[in-house]
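# Examination of the molecular architecture
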Amino acid sequence: MEKHYTECKVKGVSTGTTILAAVFDGGVVIGSDSRASIGGEYVSSKTINKVIQVHDRIFCCIAGSLADAQAVTKTAKFHLSFHSVQMESPPLVIAAASVLKELCYNNKEELQAGFITAGWDKKKGPQVYVVALGGMLLSQPVTIGGSGSTYIYGYVDAKYKPNMTKEECQQFATNAIALAMGRDNVSGGVVHLVVITEKGVEHVVVPGDKLPKFNDE
Amino acid sequence: MLGEAEPQWLSEEVKTGTTIIAIEFNGGVVLGSDSRVSAGESVVNRVMNKLSPLHDKIYCALSGSAADAQTIAEVVNYQLDVHSMEIGEDPKVRSAATLVRNISYKYKEEMSAHLIVAGWDRKDGGQVFATLKGLLTRQPFAVGGSGSSYVYGFVDAEYRKGMSKEESQQFVVNTLALAMNRDGSSGGVAYLVTIDKHGTEEKVILGNDLPTFFDQ
């Protein structure tokens, strides 16, 4: 039987992913799945980390073409560290998000990547920003992205509450990403979470066997 | 303005572009749907009831092309009437679902409608069948339509076996409200039909009575 490659709308390796960030009382949680696929047919990496650090307390998550996302975040990291040297203080989360937005908006014809930026700064505390495909910047208490996010809009709308505790928010994020991985064939693997508070940054990895199970499994 | 083009909705196919759900509970089924019918970007009917009776205790939920779905429901309604006269008693839910499936499968290239069939019969109690693209499968609950993508995560997380009638109705209303908030092709009011051994109850929940969530 002839094998054919399905037409891949995103060039090259796509992260075909689920990413999420949410604000809780005193910090933010940002998380993602860990699968990278080519055209939805071949999993090129089972354990890729899509949560990238751009500064001490600022992280971002990428969705879309992996190459575009890596190039943009590398540039953004450089801009931000230069900016923080000039300002002699850690950058604001909105500064990080704006750097990404400028890059996305000015190169909107060539790029195919969207970002969620989350972090903590002294001025406004915990924040989440989303930079959409064309370069729009929005601040939201909770946001999701990537192909798997379609399936969890209802869950996130229903279950997110402002001012949750850190543990509640971690559980919420793990559940949401696990549900999306259960329905989206290009999201999967483990759940990477980063919890950012004034005190510091904590990485949590939830491996496949520790993921929450829902009643059809 | 010279040479104005005709309005878009005259040339667009009418779709029910919808959210439908059916769930089995201890002793019956609950079906739910939104009420929006769209033709392209226009809403041509904002109060359509997409829960169509196939028999006294068997209903189906329509999605996809409005004309195709309505026609299938009418044809199966007629076929079920004939069948129940022939056997001399109320038809089984599985029979209704099979009739729907037969039409969906035979005309699968020409039609684009998905019907969820649910009801109550004396032999197996409450049952829900999905008939997407001509398959027939019994499920504890089924969701369909364009809005269903947004609530897969919610129904996976929240469904529990053996819910009571009131819990199932609340579950259906919550699911519909969440989907209607996110899907542009779903909206309006929520229609609910509850079927158990005592009878069939139809209910409408108006827009302002739907549950709201943290960002509303």
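Criteria and cut-off values
- Residues numbered from 1 in each chain as written.
- Chains lettered and ligands numbered in written order.
- Predicted model: local features only at pLDDT ≥ 70, side-chain atom pairs only at ≥ 80, totals over all residues.
- Heavy atoms only, no water.
- Helix = DSSP H or I, 4+ residues; strand = E, 2+ residues; numbered from the N terminus.
- Rg over C-alpha atoms; globule rule 2.2 N^0.38 Å.
- Buried < 20%, exposed > 50% of the residue type's maximum accessible area, 1.4 Å probe, protein only.
- Contact = heavy atoms within 4.5 Å.
- Areas by Shrake-Rupley, 256 points an atom, 1.4 Å probe, with all protein chains shown as cover.
- Lys, Arg positive; Asp, Glu negative; His and termini not counted.
- Charge placed at Lys NZ, Arg CZ, Asp CG, Glu CD.
- Buried area = accessible area lost by both parts, 1.4 Å probe.
- Salt bridge = Lys/Arg side-chain N within 4 Å of Asp/Glu carboxyl O.
- Polar contact = N/O pair within 3.5 Å; in protein donor to acceptor, adjacent residues only side chain to side chain.
- Nonpolar A, V, L, I, M, F, W, Y, C, P; charged D, E, K, R; others polar.
- Pairing = 2+ DSSP bridges.
- UniProt positions renumbered as here; feature names shortened; annotations may be inferred.
- Axes fitted to C-alpha atoms, helices over the stretch in contact; angles between N-to-C directions.
- Expected span 1.5 Å × (residues − 1).
- Parallel < 35°, antiparallel > 145°, perpendicular 65-115°, else oblique.
- Left-handed = near helix turned anticlockwise from the far one by under 90°.

### Regarding the overall build of chain A
Along the backbone of chain A there are four helices and 12 strands. Compactness check: chain A gives a C-alpha radius of gyration of 17 Å against a globular reference of 17 Å for 217 residues, within 12% of the reference. For chain A, the spread of C-alpha atoms along the three principal axes comes to 65 × 40 × 25 Å. Looking at chain A as a whole, 51% of its 217 residues are labelled buried. Considering only contacts in chain A between residues 6 or more positions apart, those separated by 24 or more positions represent 64%. Of the roughly 10,700 Å² of accessible surface on chain A, 54% is carried by carbon and sulfur atoms. Positive and negative side-chain charges of chain A, numbering 21 and 21 respectively, have mean locations separated by a distance of 2 Å.

### What to know about the interface of chain B and chain A
Across the contact, 16 residues belong to chain B and 19 residues belong to chain A. The three residues of chain B that bury the most area against chain A are Tyr150, Asp156 and Phe214 of chain B, which together make up 39% of that side's buried surface. At the surface where chain B touches chain A, the tally comes to three salt bridges. The closest approach of N and O atoms between Asp156 of chain B and Arg183 of chain A, which form a salt bridge, is 2.9 Å. Remark: the boundary between chain B and chain A carries five residue pairs in polar contact (both at pLDDT 80 or more). Mapped onto the side of chain B that touches chain A, the elements with two or more residues apiece are helix H4 (152–158) and helix H5 (165–182) of chain B. Ranked by the residues each element gives to the side of chain B that touches chain A, the list is headed by H4 of chain B, at six residues. Tallied by class, the residues present in the side of chain B that touches chain A amount to nine nonpolar, two polar and five charged.

### Focus on the pairing of strand S10 (residues 142–145) of chain A
Residue and element names in this part refer to chain A. Burial along S10 is two-sided: Val142 and Ile144 facing one way and Thr143 and Gly145 facing the other are all buried. Here strand S1 (residues 19–24) pairs with S10 via four bridges, running antiparallel. Among the inter-strand pairings, Ala22 is bridged to a residue of S10, identified as Val142.

### Some remarks on the UniProt feature "active site" (unreviewed entry) in chain A
Residues and elements named next belong to chain A. Following the UniProt record, the feature "active site" (unreviewed entry) maps to Thr17 here. The class of Thr17 is buried, set by a relative accessible area of 1%. Not counting residues within four places of it along the chain, the set of residues in contact with Thr17 comprises Asp33, Lys50, Ile62, Ala63, Gly145, Gly146, Ser147, Gly148, Ser149, Asp184, Val186 and Ser187. Separated by 2.9 Å, the side chains of Thr17 and Lys50 make a polar contact.

### A look at the sheet that holds strand S8 (residues 113–121) of chain B
All names here are of chain B. As summarised here, the arrangement of the five strands in space is S6-S7-S8-S9-S10, forming an open sheet in which the pairing is antiparallel. The open sheet has two edge strands, strand S6 (51–55) and strand S10 (137–139), and neither has a second partner. Pairwise comparison of adjacent strand axes, ignoring direction, gives a mean angle of 30 degrees for this sheet. The pairing of S8 with strand S9 (residues 125–130) spans six bridges and is antiparallel. Its bridge partner lying in S9, Ala118 is registered against Val128. Against the sheet, helix H3 (residues 93–106) touches S6, strand S7 (58–64), S8, S9 and S10, its axis set at about 165 degrees to S8.

### A look at the UniProt feature "active site" (unreviewed entry) in chain B
Residues and elements named next belong to chain B. UniProt records the feature "active site" (unreviewed entry) at Thr18, using the numbering of this structure. With respect to the helices and strands, the residue Thr18 is situated in the loop between strand S1 (14–15) and strand S2 (20–25). According to the relative accessible area criterion, Thr18 is buried, its value standing at 0%. For Thr18, the contacting residues outside a window of four places in its chain are Asp34, Lys50, Leu62, Ser63, Gly144, Gly145, Ser146, Gly147, Ser148, Asp183, Ser185 and Ser186.

### Description of helix H2 (residues 93–106) of chain A
Compared with the 20 Å implied by 1.5 Å per residue over 14 residues, the 20 Å span of H2 of chain A between its first and last C-alpha is a close match. Buried within H2 of chain A we find Val93, Ala95, Ala96, Ala97, Val99, Leu100, Leu103 and Cys104 of chain A.

### Details of the packing of helix H2 (residues 66–87) of chain B against H3 of chain B
Residues and elements named next belong to chain B. Their axes nearest at 10 Å, the elements H2 and H3 cross at an angle of 135 degrees. With respect to their mutual orientation, H2 and H3 come out oblique. For the element pair H2 and H3, the recorded crossing hand is right-handed. Note on element contacts: H3 touches H2 through Ser95, Ala96, Leu99, Val100, Ile103 and Ser104, opposite Ile72, Val75, Val76, Gln79, Leu80 and His83. A class-by-class count of the residues in the contact of H2 with H3 yields eight nonpolar, four polar and no charged.

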